[in-house]
Amino acid sequence: MTPLLEFRNVTKIYTKGLLSRAATTALDDVSLKIEDDQPTILTIAGESGSGKTTLAMLLLGFIAPTHGQILYKGNDITRLQGEAKTNFRREVQAVFQDPFAVFNPFYPVDHLLSVPIEKFKLARNRREARDKIDEALNAVGLRPEDVLGRFPHQLSGGQRQRINVARALLLKPRLLVADEPVSMVDASLRATILESLRNLNREYGISIIYITHDLTTAYHVAHSIIVLYRGSVMEAGSIDRVIREPQHPYTRLLIDSIPWPDINRKWGQTEIVAREQEHGSIETGCKFASRCPFAMDKCRQAPPPLYRVAPEQAASCYLYDAQPVVARERLSEVLPVS
Ligand code: SF4
């Protein structure tokens, strides 16, 4: 079956204007697939500058890859036309970090919900439009009478973000890109929003790409994870394996820096000391070499391939060079869908 979404060896390089030769590789040879008949929640995790937001922008068609292809239902998204383009715009929705930014402060929140219904002609009359709005609000745990008719400033950040999710749901998307959706929401409301996302996946069969720097929320919401560092995949696999048994030194650093009460392990066991970047060979080898306490000579000579360190886990690190290599195009084979 044709995948719903496919990244084929996607690289994105930013240059600083026509005359400058300075270039930054924001995403480096990333391949992944979301199957059409297996709705899943995949986390893309990393620090600032890891390439995770670039991946979201590419996926939504806001920017084009420098190399490689992004296919939606088998069609290159940079070449979509007519009905296929309209369907892509409707079926791939996004929820962004700031729950306030998408609202117009001069309109009640009803406006945000009725615009997509009109734009995509989703209802035949006002009664049907209202029924759809009620259904979407209920699906994210909001009571229509609590929020409709109110202005954005009269609602909490958590309510606003759930209205954003409801807005996406109105369009019956197949894929939702959630870019740091709870990072600006009070901690007490995060669980409710994350549960709304899980509900969309379970009840409505929507696949979700959950983009975050926060592994705690990723653990609660996702089935699988890809950890990026400076645009490259460092580790990938089932969320349980990667969070509980991280193998790549970078993932261990990320996880070790979070005091996480839900995980049954001691923190601070792994001593990773950031090293100054060394001049010269770093770009030709492992991108993490300047920070890695295990760096060897060969780490600086060529980038490590992905090694399969468990049935549902792969790490790009020479510490595992006795394990079988996973071709980057086949990364999805280590990502469980449920
Ligand atoms: Fe460290 Fe080498 Fe593994 Fe890179 S490949 S993470 S430098 S041990």
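Residues numbered from 1 in each chain as written. Predicted model: local features only at pLDDT ≥ 70, side-chain atom pairs only at ≥ 80, totals over all residues. Heavy atoms only, no water.

- Per an unreviewed UniProt entry, the protein carries the name ABC transporter ATP-binding protein and comes from Candidatus Thermofonsia Clade 3 bacterium.

1. A few points about the sheet that holds strand E4 (residues 67-72)
Working definition: the strands of a sheet are paired by backbone hydrogen bonds and lie parallel or antiparallel to each other.
Here's step 1: Strands sit in the order E2-E1-E4-E5 across an open sheet of four strands; the sheet is antiparallel. Across the chains shown, the open sheet's two edge strands, defined by having one partner strand only, are strand E2 (23-34) and strand E5 (75-76).
Here's step 2: Alignment of strand E1 (residues 5-15) against E2, held across eight bridges, turns out to be antiparallel. Note on E2: the bridge partner recorded for Phe7 is Leu32.
Here's step 3: Set on the sheet, helix H1 (residues 52-59) makes contact with E1, E2 and E4; between it and E1 the angle comes to about 115°. (Pairing = 2+ DSSP bridges. Helix = DSSP H or I, 4+ residues; strand = E, 2+ residues; numbered from the N terminus. Contact = heavy atoms within 4.5 Å. Axes fitted to C-alpha atoms, helices over the stretch in contact; angles between N-to-C directions.)

2. Things to note about the site of the ligand
Here's step 1: Taken together, 13 residues sit near the ligand, with Cys286, Cys292, Cys299, Cys317 and Tyr318 positioned nearest.
Here's step 2: Its residues assigned to classes, the shell around the ligand shows twelve nonpolar, one polar and no charged. (Near = heavy atom within 4 Å. Nonpolar A, V, L, I, M, F, W, Y, C, P; charged D, E, K, R; others polar.)

3. Considering the packing of helix H3 (residues 110-119) against helix H6 (residues 157-170)
The relative placement of two packed helices comes down to the angle between their axes together with the axis-to-axis distance.
Here's step 1: Where H3 meets H6, the axes come as close as 9 Å, and the angle between the chain directions of the two elements is 15°. Between H3 and H6, the angle falls in the class roughly parallel. Considering the relative orientation of H3 and H6, their crossing is right-handed. Contact residues: H3 offers Leu112, Leu113, Pro116 and Ile117, while H6 offers Ile163, Asn164, Ala166, Arg167 and Leu170.
Here's step 2: The residue makeup of the contact of H3 with H6, split by class, is seven nonpolar, one polar and one charged. (Parallel < 35°, antiparallel > 145°, perpendicular 65-115°, else oblique. Left-handed = near helix turned anticlockwise from the far one by under 90°.)

4. A few points about the pattern of salt bridges
Here's step 1: All told, the structure shown has 14 salt bridges when counted by the stated rule.
Here's step 2: A salt bridge links Glu47 to Arg291, with the shortest nitrogen-to-oxygen separation between them at 3.5 Å. With Glu47 in the loop between strand E3 (41-45) and H1 and Arg291 in the loop between helix H10 (249-256) and strand E11 (306-310), the pair connects residues that are 244 residues apart, well separated along the chain.
Here's step 3: The residue Arg202 makes a salt bridge to Glu195 at a minimum N-O spacing of 2.7 Å.
Here's step 4: Residue classification places Arg202 among the partly exposed positions, given a relative accessible area of 47%. (Salt bridge = Lys/Arg side-chain N within 4 Å of Asp/Glu carboxyl O. Buried < 20%, exposed > 50% of the residue type's maximum accessible area, 1.4 Å probe, protein only.)

5. Points about H10
Here's step 1: Burial of H10 is extensive: eight of the eight residues sit out of reach of the surface.
Here's step 2: Pro249, Tyr250, Thr251, Arg252, Leu253, Leu254, Ile255 and Asp256 are the residues of H10 that are buried.
Here's step 3: Contacts from the buried residues of H10 go to helix H8 (215-221), strand E9 (224-229), strand E10 (232-238) and helix H9 (239-244).

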